[in-house]
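Structure assessment
One letter stands for each residue in the lines below.
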Amino acid sequence: MSQSYEFKTEVRKLLHIITHSLYTNREIFLRELVSNASDALDKLRFAEAKGEEITAPELEPSIKVDIDKDASIITVTDTGIGMSKEDLVDNLGTIAHSGSERFLAELTESKDSASNIIGRFGVGFYSVFMISENVTVTTRNYKAGSEAFTWKSDGLGAFEITPAEDAPERGTVITIHVKEDAKEFLEKFRLQSALKQHSSFIPFPIYLDGEHQNTTPALWREPKSSISKEQYKEFYNYLTFDDKEPLATVHSAVDAPVQFTSLAFIPTFGRDLSSIGRDDYGLDLYVRRVLIQRECKDLLPDYLSFVKGVVDTEDLPLNISRETLQENILIRKINQTVTKQILSHLERMAKNDADAYKEFWNVHGKVFRLGYSDFANRDRFAKLLRFNTSTHETADELTSLDEYIERAKENQKAIYYISATSREAARLNPHLELFTRKGLEVLFLYEPVDEFVMDNLGKFGEFDLVAAETVNPDSLKDFSDVVKKEKAEELSEEETATLSDLLAHIKELLGDKVTDVRLSERLSGSPAVLSSPDGATSSMEKIMRMMNQDESIPQKVFELNADHPIVRNLLRIYKSDKDDALVTETVEQLFESSLLLEGYLKDPHAMVSRINDILEKAGSWYSEIKKI
């Protein structure tokens, strides 16, 4: 009654690769066997729904995994649809997917990992030979009166089918005789770990040595109307190990252009882009409740990498390889759809609950800013940006670009911004003085990436995005002053001529450190400022120089405020004695103070020494005047 069969040529090649290679992910065998068992149970449920009569209908639809450590045996049992003799030959003797020869040739050449082949060409069952010396499959079809058969093979080229003597009433029993070098899988904790990793959401109960393993439901597969807030929180806690409620939950089922369900959470904690785990992100990808890839980066753009959750699709093969994932058009469509869903949710949050959106921005704004490169969603991304501005009272207040435009002055055609490390640094930036005088609001950019955001967006609606320090003061002459600049006493013609000589003298003192020295129209309260001759901001210049490993200080225009007391005092000293040492000291101090504000001063020692010298002289003169 026993019959022997030769494996098809492509199966023999596959088995040779599996049994003669070292794989680091051998636990994949359990995922594949459990997935096959789940499919068998699904097919039985479908047959029953059609009204077909099935053998032993009282049997619980379940999957059992048992370990006999002494005999080095693992048994996987299901009460599913079972197989006939013909099914055994067809299912366990061939690879059913076209193109398998080409694929196997590529696999042999690349020495790829087992996880990239299992499941892609109908070969999931054969993964069992990664850990087994021989395998026995005993099965009985669900139809009444069906005979039972046993399939047996050592994976070396042939298999044998015999009538089964000890067979289940219905379903399949796979008996695995474990290899010596795979004894780790005879430990219960090892199989528990594999089941938790890959099969937690199989829709049928899985028992390991009698203990129920998959107790957490696949919540994303349930209708939203039937899920409570507590259930969402529980699943979020399970997924992230965070004991709080998520900031937001986005649950959806999509039928077109790709059929998938997704459950995404915006966590209460942000991503640390400078930490060791900065590359650990992405949604978990499932195919029919079976985990295919943990933290699949291809399902989300970088700027939404803080999102946690799962995507489950019917349209992908089990364990599609990483390389194919990246190229797969279905994955790209899922990415596009999930991205739009999350952006839509953030838009609703921003519109309906400003406090919740502010919390989101404070937690995830650093990462979300990276969305400037998402050209397909550029307008939606820009509307979701938030900034602190010069009109706010504190650094905690935020505004959108739309709100900025609502407050813009008549005939204003630009949104102005300035980069700084903090609100205090932005408020004291000399480049802000002109805009304060004109009553023009300025966005404060505290993150280095903000410059790239503004550069890449370029415009928002009809408004240009313009760096305050690159603005020509003449372009703002149409805006009247709302804060009057304190005018110093008018200079005489002689003093005006001396001032012109002083500017030339300063240019000579500073030499090639500057491109020019001139009077400033932008300053109100500061004595001096550096401006860029080519329109680049100082923060962007620093970033570009850092990328190019250029530590030199760029040449800029040195602008002086002719009405400032320091400059007026400098003029009087210069008029009295052009060679006075205090002229040189003051010029160098003003220049290095400006460098410091721009972030270019690398060595402050000379500056501190000069300040001390000037303070000593000033204190001496002051005490003499006051007769102290």
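Description of the structure in this document. If you're wondering where the values come from, they're calculated on a predicted model, not measured in any experiment.

Conventions used here
Residues numbered from 1 in each chain as written. Predicted model: local features only at pLDDT ≥ 70, side-chain atom pairs only at ≥ 80, totals over all residues. Heavy atoms only, no water. Pairing = 2+ DSSP bridges. Helix = DSSP H or I, 4+ residues; strand = E, 2+ residues; numbered from the N terminus. Contact = heavy atoms within 4.5 Å. Axes fitted to C-alpha atoms, helices over the stretch in contact; angles between N-to-C directions. Core = buried A, V, L, I, M, F, W, Y, C linked by side-chain atoms within 4.5 Å. Buried < 20%, exposed > 50% of the residue type's maximum accessible area, 1.4 Å probe, protein only. Parallel < 35°, antiparallel > 145°, perpendicular 65-115°, else oblique. Left-handed = near helix turned anticlockwise from the far one by under 90°. Nonpolar A, V, L, I, M, F, W, Y, C, P; charged D, E, K, R; others polar.

1. Here's the deal with the sheet that holds strand E8 (residues 206-208)
Overall, mixed pairing links the nine strands, which are arranged E1-E6-E5-E4-E7-E3-E2-E8-E9 in an open sheet. Among the strands making up the open sheet, the edge pair consists of strand E1 (3-6) and strand E9 (211-212). Relative to strand E5 (residues 148-153), strand E4 (residues 132-140) runs antiparallel, the two being bridged by six bridges. When the bridges of E5 are listed, Val137 appears paired with Trp151. Sheet strands in contact with helix H3 (residues 85-93) are E1, E4, E5 and strand E6 (158-163), and its direction is about 165° off that of E6. Most of the contacts of helix H5 (residues 188-198) go to E8, to which it runs at about 160°, and overall it touches strand E2 (63-68), strand E3 (73-78), E8 and E9.

2. Remarks on the sheet that holds strand E14 (residues 308-313)
Remark on secondary structure: sheet strands pair via backbone hydrogen bonds, oriented parallel or antiparallel. Pairing is mixed in the open sheet, where five strands are placed in the order E10-E11-E14-E12-E13. Lying at the two open borders of the sheet, with one neighbouring strand each, are strand E10 (248-254) and strand E13 (290-296). Going from strand to strand, the sheet's axes swing by 10° on average, the running direction of each strand aside. Looking at chain direction, strand E11 (residues 260-266) and E14 are connected through six bridges and run antiparallel. Note on E14: the bridge partner recorded for Phe265 is Lys308. Helix H6 (residues 229-240) rests against E10, E11, strand E12 (283-287) and E14 of the sheet, and its axis sits at about 80° to E11.

3. Quick look at the nonpolar core
Counting residues in hydrophobic clusters, the biggest one holds 69 residues, and the most contacted among them are Leu346, Phe360, Phe368, Tyr416, Phe435 and Leu443. At eight residues, the largest contribution of residues to this core is made by helix H8 (residues 329-352). Excluding residues that lie within four positions of it along the chain, Phe360 makes contacts with Leu247, Ile266, Phe306, Leu346, Met349, Gly365 and Phe368.

4. Focus on unusual backbone geometry
In this structure, the amide linkage connecting Ala256 to the following residue, Pro257, adopts the cis form with an omega of 5°. Here Pro257 is to be found in the loop between E10 and E11. Positive phi values are uncommon outside glycine, yet Arg288 reaches one of about 50°. Residue class for Arg288 comes out partly exposed when judged on its relative accessible area of 31%.

5. Observations concerning the environment of Lys196
Note that Lys196 resides in helix H5. As a C-alpha pair, Lys196 and Leu291 span 95 residues in sequence and 9.7 Å in three-dimensional space.

6. Description of the packing of H8 against helix H9 (residues 354-368)
At their nearest, the axes of H8 and H9 sit 7 Å apart, and the two run at 135° to each other. With respect to their mutual orientation, H8 and H9 come out oblique. Here H8 and H9 pass one another in a crossing that is left-handed. From H8, Leu343, Leu346, Met349, Ala350 and Asn352 reach across to H9, where they touch Ala354, Ala356, Tyr357, Phe360 and Phe368. Within the contact of H8 with H9, the residues separate by chemical class into nine nonpolar, one polar and no charged.

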